[in-house]
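Spelled out from the first residue to the last, the chains are:
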Amino acid sequence: MLESLTLTNFKAFARQEIRLAPFTLLTGLNSSGKSSVLQALALLRQSYDSGDLSPAYGHEAGLLLNDELVQLGTGQDVRHEAYDDETGPHIALALRGDGGTARWTAVYEREADHLKLVPAEQGIQQEPAALLPSLFGPGFQYLKADRVSPQVSYPRSHHAVTTRGFLGAHGEHTVNYLRTHQDEPVTGKALRLPDAASAGLLAQTEAWMQRLCPGVRLVAEDIHGTDAVRLGYHFGSGFSESNQYRPTNVGFGLTYVLPVVVACLSARPGTLILLENPEAHLHPQGQTWMAYLACATAASGAQVVMETHSDHVLNGLRLQVKNGRLAADGTAVHYFRRKGQTTEVVSPIIGPDGTLSEWPEGFFDEWENSLDQLLD
Ligand SMILES: Nc1ncnc2c1ncn2[C@@H]1O[C@H](COP(=O)(O)OP(=O)(O)OP(=O)(O)O)[C@@H](O)[C@H]1O
Ligand SMILES: [Mg+2]
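These figures come from a predicted structure and were not determined experimentally. (Residues numbered from 1 in each chain as written. Chains lettered and ligands numbered in written order. Predicted model: local features only at pLDDT ≥ 70, side-chain atom pairs only at ≥ 80, totals over all residues. Heavy atoms only, no water.)

**A look at the sheet that holds strand S12 (residues 272–276)**
For clarity, the cut-off: Strands were regarded as paired on the criterion that DSSP finds at least two bridges between them. We count a stretch as a helix when DSSP gives it H or I for four or more residues in a row; a strand needs E for two or more, and each element gets its number in order from the N terminus. With axes taken as lines fitted to C-alpha atoms, and helix axes fitted only over the stretch in contact, angles between N-to-C directions fall between 0 and 180 degrees. Here, residues are in contact when the closest pair of their heavy atoms is within 4.5 Å.
Pairing in this open sheet of 6 strands is mixed, and the strands run S8-S12-S13-S3-S14-S15 from one edge to the other. Every other strand in the sheet has two partners, leaving strand S8 (141–143) and strand S15 (342–346) as the edge strands with one partner each. Going across the sheet, the axis of each strand differs from the next one's by a mean of 15 degrees, ignoring polarity. Where helix H1 (residues 34–49) meets the sheet, its contacts fall on strand S3 (23–28), S8, S12, strand S13 (303–307) and strand S14 (331–339), and the angle it forms with S12 comes to roughly 145 degrees.

**A closer look at helix H8 (residues 252–265)**
Condition: To estimate how far a helix should extend, the number of its residues minus one is multiplied by 1.5 Å. Note that the bend at a residue is defined as the angle between axes fitted to the seven residues ending at it and the seven residues starting at it. Burial classification: accessible surface area is computed with a 1.4 Å probe over protein chains only, and a residue below 20% of its type maximum counts as buried, one above 50% as exposed, and the rest as partly exposed.
Taking 1.5 Å of rise per residue, 14 residues should cover 20 Å, and H8 covers 21 Å from first to last C-alpha, within 8% of that figure. For H8, the principal kink sits at Leu258 and spans about 35 degrees; a proline, Pro259, occurs within the next four residues. Counted residue by residue, H8 has 13 buried out of 14 residues, so it is predominantly covered.

**Concerning the domain arrangement of the protein chain**
The line we're drawing: Domain start and stop points were drawn from an automatic or database domain assignment. Two parts placed together each lose some accessible area under a 1.4 Å probe, and adding up what both lose gives the buried area. Basic side-chain nitrogens of Lys or Arg form a salt bridge, by our definition, when they fall within 4 Å of a carboxyl oxygen of Asp or Glu.
Domain parsing of the protein chain yields domain 1 (1–139 + 267–376) and domain 2 (146–265). Computed from C-alpha coordinates alone, the two centres of domain 1 and domain 2 are separated by 27 Å. Together domain 1 and domain 2 conceal approximately 2000 Å² of surface at their shared face, both sides included; 64% is due to carbon and sulfur atoms. For Arg164, the salt bridge is made with Glu68, and the minimal N-O distance between the two is 3.0 Å.

**Observations regarding the sheet that holds strand S10 (residues 216–222)**
Taking strand neighbours across the sheet as the criterion, the 3 strands line up as S9-S11-S10 in an open arrangement whose pairing is antiparallel. Looking at strand neighbours, the two that pair on one side only are strand S9 (154–155) and S10, the edges of this open sheet. Here S10 runs beside strand S11 (residues 228–235); their pairing, made up of 7 bridges, is antiparallel. Paired with Glu221 across the strands is Arg230, a residue of S11. Along the sheet, helix H6 (residues 174–181) contacts S9, S10 and S11; its crossing angle with S10, the most-contacted strand, is approximately 90 degrees.

**Focus on empty space enclosed by the protein**
Convention followed: Both cavities and pockets are sets of points on a 1 Å grid over the protein atoms alone; in a cavity a 1.4 Å probe fits but cannot get out, in a pocket the set is open with protein on both sides within 12 Å along at least five of seven lines, and lining residues sit with an atom within 4 Å of a point. Grid points are joined across faces, edges and corners, and a volume is the space filled by probe spheres set on the points. Classes in brief: Ala, Val, Leu, Ile, Met, Phe, Trp, Tyr, Cys and Pro nonpolar; Asp, Glu, Lys and Arg charged; the others, Gly included, polar.
Evaluation of the coordinates by the stated rule reveals 2 cavities of 30 Å³ or more. In this structure, the largest cavity spans a volume of roughly 60 Å³. Lining the largest cavity, in full, are Val148, Tyr154, Gly171, Thr174, Val175, Leu231, Thr255, Leu258 and Pro259. Mapped by element, the contributors of at least two residues to the lining of the largest cavity are H6 and H8. Considering every element that reaches the lining of the largest cavity, the biggest residue donor is H8, with 3 residues. For the second largest cavity, the calculated volume is near 40 Å³. Around the second largest cavity, the lining residues are Tyr177, His181, Glu184, Pro185, Val186, Leu201, Leu265, Ser266 and Arg268. Here the residues of the lining of the second largest cavity are counted per class, giving 5 nonpolar, 2 polar and 2 charged.

Now the structure itself:
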C-alpha cells in the first residue's frame, strides 16, 4: 500500500505531502488540484509502462508526459508556475509505501514532453514494480472523470483485458473485461453481496448495480464476426423480464458507473485504484453506495484513491467507519483549496464514530449555508 505522495513543483503544488490510506478521499472546489494528485500517480505509471522509468531499457530515464493514461503537455505545463528558490527549478515526485521509498526528480525543459530524470537522485536500485508493486504491479486501474458514454458496441482487446487486466482510463475495456472474466469469483469477502446469484463477477456486478437501479441485469457478449463486444440490459426476471435493451436506450448513469463497479469488484489485495468522480450521474442514494463499494474494496485489501464532489460519498464513508466496516485509520480525507498561485491541503481526520476532527470553511458546508439562509 502507498502511504504518502510528495509533489514538488508539480502543477498547482509548490511542495505538498499527501498521506495515503486504504481509502483516500480528495475533495475541494473545482480546479483546486485533486485530479493533479491522481495524474502524478498515473504519470509515474505510464512512464513505467513505457520503460521510461527504468534505465535498464537502454534509453534515458524520464517522465513521459503524454501517453495512454495522461496527456499533460510539456515541461512548462507541468512545472508549478510559482516555483521558488527553496524548491528549485525541477519537478519531483516521491512515494513512500509497500516497504520502500522512491523519489524521481525531473529536469525542467520548457518544450519537452519527456523530462529527463536526474540520475543521482533516481534512488531506484530496485525494479520499480518490486519496490512499489501497488503502483507498478498488475491490477492497477485509473478511471478518469471523462468515462466512455453509453455505446452500441465497445472495443475488444485481449491485450487490455487479459494480459494487462486493464479497464482503460475511460473505462472503454470494461464490457470486454466483464465478458471475459464474468465467471471469476469476486475474491474480496467484504465486496460480495449475499443476494447476488453467485460469487462470480457478473452476478456481483448486477447485485451492486441493483443498489442503483432495482431489477437491472447485464449481458456482456461478443458481436459475432467483429472486433467488438456489446453490453445489454434486462430489467426484472421470469414472466416480467424485459427485452434486452442497448446502453443507449438505458439511463446514462448505469453505464457510466459500470467501470467503477467492475474496477472495485475485480480488485485484488495490494492493487491500486484511482477514481475520479465515481458519483457522476448518480442519484444521492447511489452516491452513498459508491462510498460503500469503495470502503468494501479497501476493506478487502486494495487501495482506493478517489476524487469526489459528493457529500453523500463523504457521509457514506463516515457511516462505514462508524459501522465498523472500515477502520478509522484506514481512511484519509484531504480538502484542497487554492491559496494564491498554489494549493494548500487541510486533512480532517475521521474518528471511529464517524465524526470529523474539523470542518474547514468551504468543505461540504453548502447544506448548512443554504439552511441558514432558508431559516433566516
Ligand atoms: N503549471 C501550473 N502551475 C500552477 N498551477 C497550475 C499549473 N497547471 C495547472 N495548475 C492549476 O491546477 C488546477 C487544476 O487542478 P485539477 O485539474 O487537479 O483540479 P481539480 O481539483 O481536479 O478540479 P475539478 O474539481 O474541476 O475536477 C488549476 O487551478 C490550475 O490553475
Ligand atoms: Mg478533477
